[in-house]
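The primary structure of each chain is shown beneath.
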Amino acid sequence: MARLISDPDARGELFSAYLDGQLTTDEVVVVSDLLDGDEELIREFRSLQEVRRSLRLLPEFEVPANLLPDGHLGDRLSAYLDGELVTLEHRRVTRHLVDCPDCRVELQELDRARIAVRSLPGVDTTSTGEIPVTPAARHTRRYVAAGIGAAAVAAALVVGLAVGNGDEPAFSLDDLGTRHVARASAEPGFAVFPASVEVSFP
Amino acid sequence: MLVVGGLAAIVVVTAAGTATADELTDYLEDARDAIYSGQRLVGTSWDGIQSIGIFDIQHHGGMASVGSGSGFATIGDGRMHQGGLDEAAVSFVLHTGPELDARYTVAHGEATKHLGRAASVIDVLEAGSVRIRMVVDDSTAAPVATEVFDGDGELFRYSSMTKFTVSVDPAMAEFDDREYRMMMPLEDADLPIELAGYRLVDAYAAPQDGRQAFYTDGLFSFSVFTTRGRANWGAITNNDHPYDSNGYNYLRVISPTSVTVLWNAPTTALALVGDLPPDHLDQVLRELPLPGTDNWMKRMWRKLFGY
């Protein structure tokens, strides 16, 4: 690792790999050590950031798909949709999706297919191979009990409508906060943290 | 609006030096790459209500780990894993980040120091007044202090690194063995595409067959959660405060980095979660369904037949 510190080219590669999100955590620690207090290396790192920004501003030319190598995501789309990718891979896939309409369409089709499968009625494949069914409602006619029950429900409903303040939500404020924080963290400069993780009041 | 923006820019050039919104974007991108760890004090002060917290924070590669022990969370790139809970959430985005709204201009202020380290002040102005003042560590581009002001120029939110080192804990990568619940964007949000200068970016399914619509103006952001019917919001929070906005009554829950506003419109229960300042919040609420109730017969009809 000492060679990396002394060799400007290798150091540049290390910084570049960090900015591409390609380093292991141990290598990130090396980068942080390099940047801690060494003004020359800090300038080198910041100038690399500027160069990368400039490159992103260059005009983009659309290359016909048939001239490109097969760089599409394939099976990784499924893993992406399952939330199984580690951070670096997740970031690469997301970046690819931003630029690749074909993969976006494929992802949406995949998601639709998964929703359709999930919406199928549950099938219990037990050893008997029988598909369990919900027992049909019994048709015992108990008019008196039903009448009393209906009257009670109606009375409760009327009271509820008159004095109630809506149903208790089946979720928590933390849940809403989590969803917002997760989404907001895709934006640059996000500074919203979940309320539940603060350490303590000093 | 353009004239006001132009005048503000001239004032900025005279008083503090030239700067553009692009430079703010550059700074925010650099901050995303910053490597640092330490402790951040964050507080929100609104109508005399204070909410203050201290967060342990580790940051590198666009990810921030905050908290400690069971309250540990790792956040970034549209994903969040919260330690101690079974559920992990993730959103993904198929768009490029929205640009800073034209109502903002940016000014570089004087050089300063924070915790003995060289830093610079960046002011984001709105209509000639400072909306956010950021102190940026020169070496790392980390935001070491911020102040957010409301429309009257009063301090609304502040944050300050109280410990700061250029290092990270290798344990920060441990969250990677978790699976995330993916949130696919929906095709429509059933809400306006713009609210008081905030643009609707995308929408997702939310609890109870509801929706989450995400808005940002490039500086602040919020999510509006909607679900059909009415919710007894008071039942799920015990630290809410009444809030009068534009003559209507809401509930608000104030946390160090965000504010949640809860209310019921006649046919919809709504919750807004975000970091926007109070005057922006008032403008946004004015354009969303207002608090109210239907008459008794309509409520009974909806309860019985669902529409």
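Being a predicted model, the structure only gives us computed values, none of them experimental.

Q: Got a minute to help me understand the overall build of chain B in this structure?
A: In terms of regular secondary structure, chain B is built from four helices and 20 strands. Evaluated residue by residue, chain B yields a buried proportion of 56% over its 307 residues. Taking the intrachain contacts of chain B between residues at least 6 apart in sequence as the baseline, contacts between residues at least 24 apart amount to 53%. For chain B, the accessible surface area stands at approximately 12800 Å², while carbon and sulfur atoms represent 53% of it.

Q: What's the story with a negative patch on the surface in this structure? I'm lost.
A: Where like charges cluster on the molecular surface, the negative patch consists of Asp38, Glu39 and Glu40 of chain A together with Asp138 of chain B. Mapped onto the fold, aspartate 138 of chain B is located in the loop between strand S9 (129-137) and strand S10 (143-149).

Q: For this particular structure, what's the right way to read the domain arrangement of chain B?
A: Note: interface size is frequently given as the accessible area lost on complex formation between the parts. All names here are of chain B. When its domains are assigned, chain B resolves into domain 1 (17-177) and domain 2 (184-296). Put simply, domain 1 and domain 2 have four salt bridges between them. Between arginine 131 and aspartate 279 there is a salt bridge whose closest N-O contact spans 2.6 Å. Where domain 1 packs against domain 2, one counts 15 residue pairs in polar contact (both at pLDDT 80 or more). Elements with a minimum of two residues in the side of domain 1 that touches domain 2: strand S1 (36-46), strand S2 (49-60), strand S8 (117-126), S9, S10 and strand S11 (155-165). Per-element tally for the side of domain 1 that touches domain 2: the top contributor is S2, with five residues.

Q: I'm lost on the confidence of the model for chain B in this one. Help?
A: As a note on interpretation, predicted positions should not be read in detail where pLDDT is low. All names here are of chain B. Of the residues in chain B, 79% reach a pLDDT of 70 or more, and the chain-wide mean stands at 82. The spread of mean pLDDT over the elements of chain B runs between helix H1 (residues 2-16), the lowest at 35, and helix H3 (residues 278-287), the highest at 97. Here residues 1-16 scores under 50 on pLDDT; set against residues more than four positions off or in separate chains, the count is 14 contacts. Confidence estimates for the predicted assembly give a pTM of 0.77 and an ipTM of 0.86.

Q: Whenever I open this one, the packing of helix H6 (residues 87-99) of chain A against helix H7 (residues 101-118) of chain A confuses me. Can you help?
A: Relative placement of two packed helices is described by the angle separating their axes and the distance separating the axes. Residues and elements named next belong to chain A. Contact pair H6 / H7: the axes reach a minimum separation of 6 Å and the direction vectors enclose 110°. With respect to each other, H6 and H7 are oriented roughly perpendicular. Of the residues in H7, those in contact with His96, Leu97, Val98 and Asp99 of H6 are Pro101, Cys103, Arg104 and Leu107.

Q: I'm lost on the packing of aromatic side chains in this one. Help?
A: The description of an aromatic ring pair uses the distance of the two centres, along with the angle that the planes make with each other. Residues and elements named next belong to chain B. All told, the structure shown has nine aromatic pairs over all chains when counted by the stated rule. Pairing tyrosine 215 with phenylalanine 222 gives two aromatic rings, centres 5.0 Å apart and planes at 15°, and the pair type is stacked. Owing to a relative accessible area of 0%, tyrosine 215 belongs among the buried residues under this scheme. Relative to tyrosine 250, the ring of tyrosine 243 lies with its centre 6.1 Å away and its plane at 45°, an arrangement referred to as tilted. Here tyrosine 243 falls in the buried class, since its relative accessible area comes to 5%. Here tyrosine 250 falls in the buried class, since its relative accessible area comes to 3%.

Q: So what exactly am I meant to see when it comes to the domain arrangement of chain A here?
A: Residues and elements named next belong to chain A. Taken domain by domain, chain A comprises domain 1 (2-56) and domain 2 (76-191). At the junction of the two partners, domain 1 supplies four residues and domain 2 supplies four residues. Buried area between domain 1 and domain 2, both sides added, is near 270 Å², and the carbon and sulfur share of it is 36%. Contact with domain 2 buries surface across domain 1, with Asp20, Gly21 and Gln22 losing the most and accounting together for 82% of the total. Our count for the domain 1 to domain 2 interface comes out at zero salt bridges. Scanning the region where domain 1 abuts domain 2 turns up zero residue pairs in polar contact (both at pLDDT 80 or more). Looking at the side of domain 1 that touches domain 2 residue by residue, the classes come out as one nonpolar, two polar and one charged.

Q: Can you walk me through the pattern of salt bridges in this structure?
A: Residues and elements named next belong to chain A. According to the stated counting rule, one finds 16 salt bridges over all chains in the structure shown. Across the salt bridge formed by aspartate 82 and arginine 114, the nearest N and O atoms sit 2.0 Å from each other. Placement of the pair is aspartate 82 in the loop between helix H5 (76-81) and H6 and arginine 114 in helix H7, with a sequence separation of 32 residues. Residue aspartate 82 is classed as partly exposed on the basis of its relative accessible area of 25%.

Q: Quick question: what am I supposed to make of H6 of chain A here?
A: Owing to its 3.6 residues per turn, the α-helix aligns residues three or four sequence positions apart on the same side. Here H6 of chain A contains 13 residues, and its C-alpha end-to-end distance of 19 Å stays within 8% of the 18 Å for a straight helix at 1.5 Å per residue. Thr87, Glu89, His90, Arg91, Val93, Thr94 and Leu97 of chain A are the residues of H6 of chain A that are buried.

Q: Whenever I open this one, the state of the cysteines confuses me. Can you help?
A: A covalent bond bridging the sulfur atoms of two cysteines is what the word disulfide describes. Scanning the model with the defined rule gives zero disulfides over all chains in all. Distance from the sulfur of cysteine 100 of chain A, which forms no disulfide, to the nearest cysteine sulfur (cysteine 103 of chain A) is 3.6 Å.

Q: Which parts of the structure should I look at to understand the environment of leucine 19 of chain A?
A: Take leucine 19 of chain A: it is sitting in helix H2 (residues 8-19). Judged by relative accessible area, leucine 19 of chain A falls into the buried class, the value being 6%. Once the C-alpha coordinates of leucine 19 of chain A and leucine 48 of chain A are considered, the two residues, 29 residues apart in sequence, prove to be 9.1 Å apart. Every residue in contact with leucine 19 of chain A, bar those within four places of it in the chain, is listed here: Phe45, Leu48, Gln49 and Arg52 of chain A together with Asp33 of chain B.

Q: Before we go on, may I ask you to explain the nonpolar core in this structure?
A: Here is a general trend for soluble globular proteins: nonpolar side chains tend to be buried in one another's company. Counting residues in hydrophobic clusters, the biggest one holds 43 residues, and the most contacted among them are Leu24, Phe222, Val261, Leu272, Val284, Leu285 and Leu288 of chain B. At four residues, the largest contribution of residues to this core is made by helix H2 (residues 21-33) of chain B. Mapped onto the domain boundaries, this core takes at least three residues apiece from domain 1 (17-177) and domain 2 (184-296) of chain B. The contacts of phenylalanine 222 of chain B, once residues within four sequence positions are left out, are His180 of chain A together with Leu195, Tyr198, Ala213, Phe214, Tyr215, Leu272, Val273, Gly274, Leu276 and Val284 of chain B.

Q: What should I look at first to understand the confidence of the model for chain A in this one?
A: Residues and elements named next belong to chain A. Model confidence for chain A is summarised by a mean pLDDT of 70, while 64% of its residues fall at 70 or above. By mean pLDDT, helix H8 (residues 143-163) is the weakest element of chain A at 49, and helix H9 (residues 173-184) is the strongest at 86. Across residues 124-142 the pLDDT falls below 50, and counting only partners more than four positions away or on other chains, this stretch makes three contacts in the model. Of the regions scoring below 50 in pLDDT, residues 156-164 engages in ten contacts with residues more than four places distant in sequence or in other chains.

Rules and cut-offs
- Counting from 1, residues in each chain are numbered in the order their sequence is written.
- Going through the entries in the order they are written, you letter the chains from A and number the ligands from 1.
- This being a predicted model, a pLDDT of at least 70 is required before a residue's local features are given, and a value of 80 or more before pairs of side-chain atoms are given or counted; all residues contribute to the totals for chains, interfaces and linings.
- With hydrogens and water stripped out, all remaining heavy atoms of the structure feed into the side-chain values.
- Each helix is a run of H or I in the DSSP string that is no shorter than four residues. Each strand is a run of E no shorter than two, and both are numbered from the N terminus.
- Residue exposure (1.4 Å probe, protein chains only): buried if accessible area is under 20% of the type maximum, exposed if over 50%, otherwise partly exposed.
- Whether two residues touch is decided by their heavy atoms; if any such pair falls within 4.5 Å, the residues are in contact.
- Here the accessible surface of atoms and residues is derived via Shrake-Rupley with a 1.4 Å probe, and residues count as covered only by protein chains that are part of the display.
- Patches draw on residues past 30% relative accessible area with no salt bridge. Two like charges within 9 Å are joined, as are two nonpolar side chains (Val, Leu, Ile, Met, Phe, Trp, Tyr) within 5 Å.
- Salt bridge, as applied in this entry: a Lys or Arg side-chain nitrogen positioned within 4 Å of an Asp or Glu carboxyl oxygen.
- For the purpose of charge, His is not counted, nor are the chain termini; Lys and Arg are scored as positive and Asp and Glu as negative.
- By convention, the point assigned to a charge is CZ for Arg, NZ for Lys, CD for Glu and CG for Asp.
- Note: domain ranges come from an automatic or database domain assignment.
- Polar contacts, as counted here, are pairs of nitrogen or oxygen atoms within 3.5 Å of one another; within protein the pair requires one atom able to donate a hydrogen and one able to accept it, and residues that are adjacent in sequence qualify only if both atoms are side-chain atoms.
- As a per-residue measure, pLDDT tells how confident the predictor is, with possible values from 0 to 100.
- Axes, fitted as lines to C-alpha atoms, cover a helix only where it is in contact. Angles between the N-to-C directions of the axes lie from 0 to 180 degrees.
- Working definition: roughly parallel below 35 degrees, roughly antiparallel above 145 degrees, roughly perpendicular at 65 to 115 degrees, and oblique for all remaining angles.
- Here a Phe, Tyr or Trp ring, Trp counted by its six-membered ring, pairs with any other such ring whose centre lies within 6.5 Å, and the pair is stacked when the planes are under 30 degrees apart, edge-to-face when over 60, and tilted otherwise.
- Buried area: the accessible area, evaluated with a 1.4 Å probe, that two parts lose upon being put together, summed over both parts.
- For this classification, Asp, Glu, Lys and Arg are treated as charged, while Ala, Val, Leu, Ile, Met, Phe, Trp, Tyr, Cys and Pro are nonpolar and the rest, including Gly, are polar.
- A helix is expected to span 1.5 Å multiplied by its residue count minus one.
- Only a pair of cysteine sulfur atoms within 2.5 Å counts as a disulfide in this structure description.
- The term nonpolar core refers to a set of buried residues drawn from Ala, Val, Leu, Ile, Met, Phe, Trp, Tyr and Cys, joined through side-chain atoms within 4.5 Å.

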